[in-house]
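Examination of the molecular architecture
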Amino acid sequence: MNIQTTALDVAKIREDFPILAREVHPGVPLVYLDSTATSQRPRQVVEAMERLIYHSNANIHRGIHVLAEEATAAYEEARGKIAKFINAPSARQVIYTRNTTESINLVAQSWGRANLKAGDVVILTEMEHHSNLVPWQILAMEKNLRLEFIPVTEDGLLDLDAYRELLTLEPKLVAFTQMSNVLGTINPAKEIIVLAHAAGAVTLVDGAQSVPHLPVDVQALNADFLAFSAHKMLGPTGIGALYGRKELLEAMPPFMGGGDMIKRVELRSFQPNSIPHKFEAGTPAITEAIGFGAAVDYLNQIGMVAVESYEQEIVAYALERLAEIPGVRVFGPEAEQKGAVVSFLLDDLHAHDISQVLDMHGIAVRAGHHCAQPLHDKFGITSTARASFYIYSAFEEVDKLVAGIYKVKEMFA
Amino acid sequence: MNIQTTALDVAKIREDFPILAREVHPGVPLVYLDSTATSQRPRQVVEAMERLIYHSNANIHRGIHVLAEEATAAYEEARGKIAKFINAPSARQVIYTRNTTESINLVAQSWGRANLKAGDVVILTEMEHHSNLVPWQILAMEKNLRLEFIPVTEDGLLDLDAYRELLTLEPKLVAFTQMSNVLGTINPAKEIIVLAHAAGAVTLVDGAQSVPHLPVDVQALNADFLAFSAHKMLGPTGIGALYGRKELLEAMPPFMGGGDMIKRVELRSFQPNSIPHKFEAGTPAITEAIGFGAAVDYLNQIGMVAVESYEQEIVAYALERLAEIPGVRVFGPEAEQKGAVVSFLLDDLHAHDISQVLDMHGIAVRAGHHCAQPLHDKFGITSTARASFYIYSAFEEVDKLVAGIYKVKEMFA
Amino acid sequence: MDDLYRELIIERYKSPQFRGELDPHDISFEDDNPLCGDHIRVDLRLDENDTVTEAAFSGQGCAISQASADLLMESVVGKSLAEVKALTKDDLLDLLGIELGPVRLKCALLSLKVLKAGAYGLGEANDDLVE
Amino acid sequence: MDDLYRELIIERYKSPQFRGELDPHDISFEDDNPLCGDHIRVDLRLDENDTVTEAAFSGQGCAISQASADLLMESVVGKSLAEVKALTKDDLLDLLGIELGPVRLKCALLSLKVLKAGAYGLGEANDDLVE
Ligand SMILES: Cc1ncc(COP(=O)(O)O)c(C=O)c1O
Ligand SMILES: Cc1ncc(COP(=O)(O)O)c(C=O)c1O
C-alpha cells in the first residue's frame, strides 16, 4: 500500500472497535469487509448503552421516579441528535422503528393504505433492496396498485430518461434508494425528488446506505420520507428511524396499536397520541435508541464530509486493484458515482465459494443476492460477492482482499 | 423485617444487578419497585450482548464468513432457549418481535385480517393492557368486528360466568392477559382456553407479565398464541416474542415485507419464506436476541418455580404491611391469586404525588393508568401508584416503601 | 428535590383560588395528559378589548398540575388575548419556581397547553404550543 | 477449515456425474435456497417396485451445493422410495464428510430437501424435511 489518505486517521479509529483485533482462525486476523450488511460498533456506543443499563434503566414516558426521568430524557435526547444529523426541522418528525425495513412498511401500511387506491401508480427502481420492494408488492396486491420501475443501465445507473417517461403516469409515490447496496450507485436523489414533486408524487428515500456514508440533509433534499437503520451506521441492532414531513405524519393513521401511542383509551375506542408517539406502540428499544444517539455522536465527531471523502478514496483504490486481477468482473458504476461497495464475480465461480475461500484467510465479504434479487436477475446472475468499506477499513485490507482473490483462483484452478 | 424467605438467595442475586447499588440522590439508595414496567438487567445479560458485539458481530442468515456464522448460530440458539423456556414444540414457532405489543399487532394484522370478517366477535377482558385492546379496536374499525369484554369483579377477578355467557356469541378469538399489570390478578388461563376452544375460538395469551414471573407452558395451556417481552424478564429492550401454533403461523400471510422474510422476489411478486423467517423482515434485533437468550438462562438457573414462590411470599408480606397504613386502598385480589404487583392509592392524593414523594426517598414506583385506562375507569379512578417486585426485590424494600408512604402522608398532612 | 413541593405549590393545590367552571364563557377548552389520563378544562371570560376578565380551571390532576393551573389562571387575568397566546413554557415555570423532569413537565404544562389551544381557537391541543 | 473444499468436493463440483434433466421422469421437484437464490431441480426415474433407477439434478449453486447434489443423486440410485424418504441430514453430511456452518448447511441440504419433497409428493418443500 503506498497511497496515503488524509481524510481520516484510520489507525486511531480502529482502536475504538475491539472486534477488529480479533483473529477469526488461529493466527488469521479479521479483515471485515461487510459493513454494508452491518457495521461494527465502537466502544463508545457500547459504553453509552451500558451506562444506561447500569445507571438509569427504566421504562420511559410514564414514570416519575429518577430512573424513568433519566431514561426518558436520554431517549428523547437521542432522538434530537438523530434529527439534527439528517437536519430534520423537528425531533418530533423522527420516529424510532426497528430498522429501515420497518420504516418503509410503516409508510406503506399507514400512509399507503390511507392514501393509495386501485390503479394508482407507485414508481420504484430496479435496484431496490427487497425492503423497498416487498412492502409495496403487498400493498399493490391488497389495493390493486400499479408498480413501475426506473430501469438500471448496464453500468449500474438509473435511467433518468425512462424515469421522466414514467412520471407521465402521474404516480402517487416515488420510492427509491439513495445508494444501492449492491452496485454502490449514489443516485441523484435531489433531482429525482424535484421531478417527482413536479409530477405530484410523494417521495420516500431509502437511506439505509446513504445516511451512514454521506451527509444527508432532508431539508436540502426536500424528501417526504427517509428510512434508515442504526446498525449500518455504528449503532446497535434493533433500532432504526423514519423521518417524515410533518403534515404527512400528522395526517397518517397509527401503524400499530398499544401503550404510548394513545392519548386516551376506552374499551371500544381510542384517540391517538401526537407525533412521534403515535407511531411508537409499546415499550420501545430504549437502550438501543441511546446507542443510536451515541453512534451519531461518533460520526459527527469525524464529520460526514470526511467519511464520504475517505470512502471515495478507498473505493477508488479497491476498484483499481481489482481491475488488475484477470477474471474479476465488477458490477456498478465508476468510483465517482459510487459509495464504498464493490460487488464482483471471479471467473465462473459461485459467489459462495469466493466468499468461503476468502473467509479461510480471515476476509469477511458477503455472498448472495444481497436482498436485491431483481437486480441480480437483470444482470443475469443469481449472486455476487460483495466487499464493502467503512471508516475503519484500511487500505491494507484492500490489498489483503486482492491477495485473497488470487488464493480463490488457485483453489479452483 | 423478620420474615425469612427460603425460596431465593436475594442478596446474592442482587450482586448481579449493578444498578441496585446506585444512589438516586446523594446518600439515598435506589429502591426499585417498578419491575412490572421493566425489569433490571443482570451483568450476565449485558456481558452476553457485549461478547457478541466485540467478538461475533455480523448480519445473520446470509453471510458465510465466520462472524456471520457465529452470529447466526447465536441468534438461532437463543430462539431455541426461548422456545424451550415456554415449552414450545419447535423453535420455529417462536417469532422475534420488538415487544409484546408488536406480537399482538402481528396477530391482529396478519391472522386477524385474514381470518376475521364483519360481525365476528372478539372477546377481550376489562383488565387488558392497551396493547391488547387497541390492536383489536383498529381491526374492529377496519372490519366491523364486535368486541366484547369479560367483566372484572370488584375484587379484581374475571367474571367467568359472564365469560361463559359471552361464549354463546360464538367468538372467533379470545385474547386475554394471563396476569394483570395493575391488579396482579393471575387469570385461570387454562380454563379460559378450554372454554374458548370448546366454543370454537382461537386464543391469544398476553404473557407480558406471566412469562417473567410464573412457569408458563404453552403445550400445557394449549394456547394458540402467546406474546411476551424480554425487557420485563431481565432481558434487553427492543426484543420480544410471539409463540404461535404451527398450522396457524404457516397459514398466516406475512406481516411486514422486506429482506429475510422471502424465498424469492421478482419485481412485482414474491414468495414468502417459511416460519419463523416469514415474520422477521429486515435485520432483526440480533444482539438483543442473544441478550434474551441469556436472560432465559439466568431465570432457568434460578428456576421459575422458585421465582413464583418467592414472589408469592413478598407480595403477601407487602399486602400485610400496606394494610397497616391508614388511608391506603389496594386494588386487586388477595395474595393467593396475585403476582407481585400492588397498585394502591393513599387518602385523596394523586398517584403522581405519591410516587414523586416516594422518589425523594429513593423509592421508584410507577404512577398513572399503567396503560389500562378502561380498568381504571371501571374503578372510577384515573390513576394508581404501583409497587412491583421481582427476584432481586428484598423484604427490606417493602419496609422502606411503607416508611415512604408515611412520609407522603406527612408531606400532604 | 424537596423543592418540588415548596409551600406555594402545596398551598395552591390544597386551596386553589381559580378552580371552577365559568358559564357562560367566551373561551373554553379541555384536554388530557396522555401519560397519566389527567384532564384539565380552562374557561375564560373576555371583555370587549379581548382582555381576560375571569379565568377558571377544572378537571383532576396531581399537585403540580393543579397548582400550576391555579397560578396560571391567576396570571392571565388582566392579560390581553394576544399576551395569553404569547405565553411560554418558561413563563409558567417562572410562576411555579421549580425544576421539573420531563414527565412532571407534562403535568405542569397541561394547563398552559389547554389555555393556549383555547386562545388560538384550535381544534386540537398541540405540543408545539408549549415548546 | 480447508477441509471444506476437500478433493472429493472440488472434483464433484467440477465434473458432476449426475447433472442433467430426465425427461420423462417419475418424480421431479425444484426449489430455491432463500438465502442466496440458488435453485435446484431433482428428477428421478423409478421401476415398478418404486426403486430409483436413475437420478439427476440441475440448477445452479456453489461448489458445496453442487457436489452435495451430485453425491446425493449417486447415493439414491438403487434405493427404494421409502428409503429415500427416510434420508436424513446426517446421511447427507456423511456423504460430504465435512463440517458446515449454519449458512453453508443450507447450501448442502437444498438438494436433500428438494429430493424428499419430491419423494413425498409435497406441494411445497419444507425445512422440517431436513431437520
Ligand atoms: C399485561 C401487559 N401487556 C402488554 C404489555 C406491553 O408490553 P410492551 O410494552 O413490552 O410491548 C405490558 C407491559 O407494559 C403488560 O404489562
Ligand atoms: C439499500 C437498503 N435498503 C434497505 C435495507 C434494509 O435494512 P434493514 O435490514 O436494516 O431493515 C438495506 C440493508 O440491508 C439496504 O442496504
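These figures come from a predicted structure and were not determined experimentally. (Residues numbered from 1 in each chain as written. Chains lettered and ligands numbered in written order. Predicted model: local features only at pLDDT ≥ 70, side-chain atom pairs only at ≥ 80, totals over all residues. Heavy atoms only, no water.)

1. Considerations on the packing of aromatic side chains
- Summed over all chains, the structure comprises 22 aromatic pairs over all chains.
- Look at tryptophan 111 of chain B and phenylalanine 225 of chain B: their rings are 6.4 Å apart centre to centre, the planes differ by 65°, and that puts the pair in the edge-to-face class. Here tryptophan 111 of chain B is found in helix α4 (residues 100-115), whereas its partner phenylalanine 225 of chain B is found in strand β9 (residues 225-229), with 114 residues between them in sequence. For the pair tryptophan 111 of chain B and phenylalanine 225 of chain B, one class covers both residues: buried.
- Three or more aromatic residues joined by ring pairs make a cluster, and in this case those are Phe17, Tyr298, Tyr390 and Tyr392 of chain A. (Phe/Tyr/Trp six-rings, centres within 6.5 Å; stacked < 30°, edge-to-face > 60°. Helix = DSSP H or I, 4+ residues; strand = E, 2+ residues; numbered from the N terminus. Buried < 20%, exposed > 50% of the residue type's maximum accessible area, 1.4 Å probe, protein only.)

2. Quick notes on the sheet that holds strand β8 (residues 202-206) of chain B
Residues and elements named next belong to chain B.
- Strand order in the open sheet formed by seven strands is β4-β10-β9-β8-β7-β5-β6, with mixed pairing between adjacent strands. Each edge of the open sheet carries a strand with a single partner, namely β4 (94-97) and β6 (146-150). The sheet shows a mean angle of 20° between the axes of neighbouring strands, taken without regard to direction.
- Taken together, the five bridges between strand β7 (residues 173-177) and β8 define a ladder with parallel strand orientation. By the bridge assignment for β8, leucine 173 is matched with valine 202.
- Across the face of the sheet, helix α5 (residues 134-143) comes into contact with β5 (121-125), β6, β7 and β8 while running at roughly 150° to β6. (Pairing = 2+ DSSP bridges. Axes fitted to C-alpha atoms, helices over the stretch in contact; angles between N-to-C directions. Contact = heavy atoms within 4.5 Å.)

3. Section: the relation of the copies chain B and chain A
- For the pair chain B and chain A, the relating rotation is 180°, the translation along its axis is 0.0 Å, and the fit reaches an RMSD of 0.0 Å. What we have between these two chains is a two-fold relation. Rotation axis and chain B: the residue whose C-alpha lies nearest the axis is glycine 238 of chain B, separated from it by 2.9 Å. (Least-squares fit on C-alpha atoms with pLDDT ≥ 70 in both.)

4. Structural notes on the domain arrangement of chain A
Residues and elements named next belong to chain A.
- The assigned domain composition of chain A is domain 1 (10-41 + 303-411) and domain 2 (46-301).
- Taking the mean C-alpha position of each, domain 1 and domain 2 sit 27 Å from one another.
- Of the roughly 3000 Å² buried between domain 1 and domain 2 on both sides combined, carbon and sulfur atoms contribute 58%.
- Looking at the side of domain 1 facing domain 2, the largest losses of area belong to Arg41, Met304 and Leu375, adding up to 21% of the total buried there.
- Across the contact surface, domain 1 and domain 2 share one salt bridge.
- Among the salt bridges present, the one from lysine 378 reaches glutamate 126, with a minimum N-O distance of 2.7 Å. (Domains from an automatic or database assignment. Buried area = accessible area lost by both parts, 1.4 Å probe. Salt bridge = Lys/Arg side-chain N within 4 Å of Asp/Glu carboxyl O.)

5. Let's talk about the side chain of histidine 352 of chain B
- Positionally, histidine 352 of chain B belongs in helix α13 (residues 351-360).
- The contact partners of histidine 352 of chain B, leaving out residues within four places of it in the chain, are Ile64 of chain A, Ala367 of chain B together with Tyr5, Cys36, Asp38, Cys62, Arg104 and Cys107 of chain C.

6. Notes on the site of ligand 1
- Lining the immediate surroundings of ligand 1 are 16 residues, of which Thr283 of chain A together with Thr101, Asp206, Ser229 and Lys232 of chain B lie closest.
- Lying at an intersection of chains, ligand 1 is approached by residues of chains A and B.
- In this structure, a nitrogen atom belonging to ligand 1 sits 2.5 Å away from a side-chain N or O atom of aspartate 206 of chain B.
- Separating an oxygen atom of ligand 1 from a side-chain N or O atom of lysine 232 of chain B is a distance of 2.7 Å.
- Considered on its own, ligand 1 offers 390 Å² of accessible surface; in the complex 96% of this is hidden by protein.
- Within the shell around ligand 1, the residues separate by chemical class into two nonpolar, 12 polar and two charged. (Near = heavy atom within 4 Å. Polar contact = N/O pair within 3.5 Å; in protein donor to acceptor, adjacent residues only side chain to side chain. Areas by Shrake-Rupley, 256 points an atom, 1.4 Å probe, with all protein chains shown as cover. Nonpolar A, V, L, I, M, F, W, Y, C, P; charged D, E, K, R; others polar.)

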